[in-house]
Amino acid sequence: MDSSVFHPDFKAKPFWWEAIAMGEDDPPAELPPKADVVIVGGGLTGLNCAIELGRGGTKAVVLDAEPLGFGASTRNGGGVSGGNNVGKGLSGAKGRQSPEEVRDWLRAIMGDASEGLAHIEALVQRENIQCFYERTGRFVGAWTPKHYDGMAAKIDALNEYAGADASMLPRERQREEMASDYYFGGMLVNRTGKIHPGLYHRGLMQAAQRYGATLLGRTKAGALTRIANGWRVETSRGPIEAGEVVIATNGYTGSLTPDLRRRLIPVASHIIATEELDPDLARSLIPNQRTLADSRRILTYYRMSHDNKRVVFGGRARFTQVTPEVSAPILHSMMLARWPQLKGVRVTHAWTGNVAFAFDYLPHMGVTQKGLHYAMACNGAGVAMLSYLGAEVGKKLLGKTNKLPVFDGRDFPTRAFYTGNPWMLPMVGSWYRFRDWLDRKAA
């Protein structure tokens, strides 16, 4: 362990929690015996669903085994995708027989994925959520010249079907977007944003309560049992009955719903925040205040903090949960590879959260049994996608939608003998690191 990277006031918790009272501000509430809808999961998916239900006159009870928002909802990097992150899920277009079928597939998938950004922008404005939301755009650095060409080949589809307002930036102009020559140019995607995850989540909690939702942290859902008029949910506070149940657990889906668990691959994503930087240095790193990411298999994503005083740098330091003593030096080294001028800057915060990937790399919502709904599989774009899908589940339950998202009711694949334990991830990580090294060496 390289202890020199740690600030004396280092905290093994999300930097975003400095603005909220995690674990101390759950609203006091009692578990009612009955509800119209019970939502399991008090993150972005569950709260967006509760808000939509409440707007339609249906009151939800939201349960979370941890303090509300304890998971990835307040542990992410705060990037808000505009639909450009469906990525490998677009491989489904290869099975289409004609150019028209391919275009229809791309239009449906990318068009619906792009709705997440519009949803968040409308929600933040309507509910007056003070969370430093900005549509600043994103720069995605090309790890190799071949990756740059691959981005360029996709840009027309991104612009046509997702309205991405994207363009290519050659390497000789890269310093217009970041104070580094680390990449081989890259793609600018203007239709993306950034947000303060902690304040966004707390704004959702307040909005859900205004619309009549009951929010219960530290209330673990147990067995789900079908009853005549819906479901009985056993909890650590006692039972509750509801006509409908929504599973909104994403990267923390567990034994409560084993059939969903075996369709998700939970992957740990690790993040650090630096100490406050010299103001001139801070302003120079990302001149246009965009979020940054890259095309490596071992993904990194980073940005300036909401107050533009420090770097928030995330990535797959490991694919599984490890301690900050392991992840922080790795991420710090990655950060210095991009910005050598940050040598000597120390880490004040380090944390980890789970994202969830589907085997087809697409988001999913649907019904497993009558009255048992789900929305999950953000594939690394959860702020926008799960906010949107949560709201869409709410609309579906209310019967208010004329058009369901293309992600509703799709085949949700798994693999033989897979139960939800991602034992293979360390090997996948090693293979990805080798492939990244090989690609860069050949560049």
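In the annotation of an unreviewed UniProt entry, the entry for the protein chain reads FAD-binding oxidoreductase, and the organism field reads Neoroseomonas terrae.

1. Structural notes on unusual backbone geometry
For Tyr-361, which is not glycine, the phi dihedral falls at a positive 60 degrees. For Tyr-361, the location among the structural elements is in the loop between β17 (347–358) and β18 (364–369). One non-glycine residue with positive phi stands out, namely Ala-377, at about 75 degrees. Turning to its location among the elements, Ala-377 is positioned in the loop between β19 (372–376) and α9 (382–398). Classification of Ala-377 as buried rests on a relative accessible area of 0%.

2. As for a nonpolar patch on the surface
Together, Trp-431, Phe-434, Trp-437 and Leu-438 make up an exposed nonpolar region whose accessible area comes to about 430 Å². The residue Trp-431 is located in helix α10 (residues 425–442) in this model.

3. A short note on the side chain of Thr-74
Along the chain, Thr-74 falls in the loop between β3 (60–63) and β4 (79–80). Judged by relative accessible area, Thr-74 falls into the buried class, the value being 0%. Polar side-chain contacts of Thr-74 include one of 2.6 Å to the backbone oxygen of Gly-69. Not counting residues up to four positions away in its chain, the partners in contact with Thr-74 are Pro-14, Trp-16, Trp-17, Ile-20, Met-22, Gly-69, Pro-197, Gly-198 and His-201.

What counts, and at which threshold
- Within each chain, residues carry numbers counting from 1 in the order of the written sequence.
- Given that the model is predicted, a residue must reach a pLDDT of at least 70 before its local features are reported, and side-chain atom pairs must reach 80 or more before they are shown or counted; all residues, however, enter totals for whole chains, interfaces and linings.
- Hydrogen atoms and water are omitted, and side-chain values are computed over all heavy atoms in the structure.
- Helix and strand definitions follow DSSP, with helices as H or I runs of at least four residues and strands as E runs of at least two, each counted in order from the N terminus.
- The cut-offs for exposure are 20% and 50% of the maximum accessible area for each residue type, with area from a 1.4 Å probe on protein chains only; residues under the lower value are buried, those over the upper are exposed, and the others partly exposed.
- Only residues whose relative accessible area exceeds 30% and that take part in no salt bridge are eligible for patches, with like-charged residues grouped when within 9 Å of each other and nonpolar side chains (Val, Leu, Ile, Met, Phe, Trp, Tyr) grouped when within 5 Å.
- The Shrake-Rupley method, run with a 1.4 Å probe sphere, supplies the accessible areas, and residue values consider only the shown protein chains as cover.
- Within this document, salt bridges are pairs made up of a side-chain nitrogen of Lys or Arg and a carboxyl oxygen of Asp or Glu, the two lying within 4 Å of each other.
- The definition of a polar contact used here is a pair of N or O atoms within 3.5 Å, where within protein one atom must be able to donate a hydrogen and the other to accept one, and adjacent residues in sequence count solely through side-chain atom pairs.
- Throughout, a residue-residue contact means that at least one pair of heavy atoms, one from each residue, lies within 4.5 Å.

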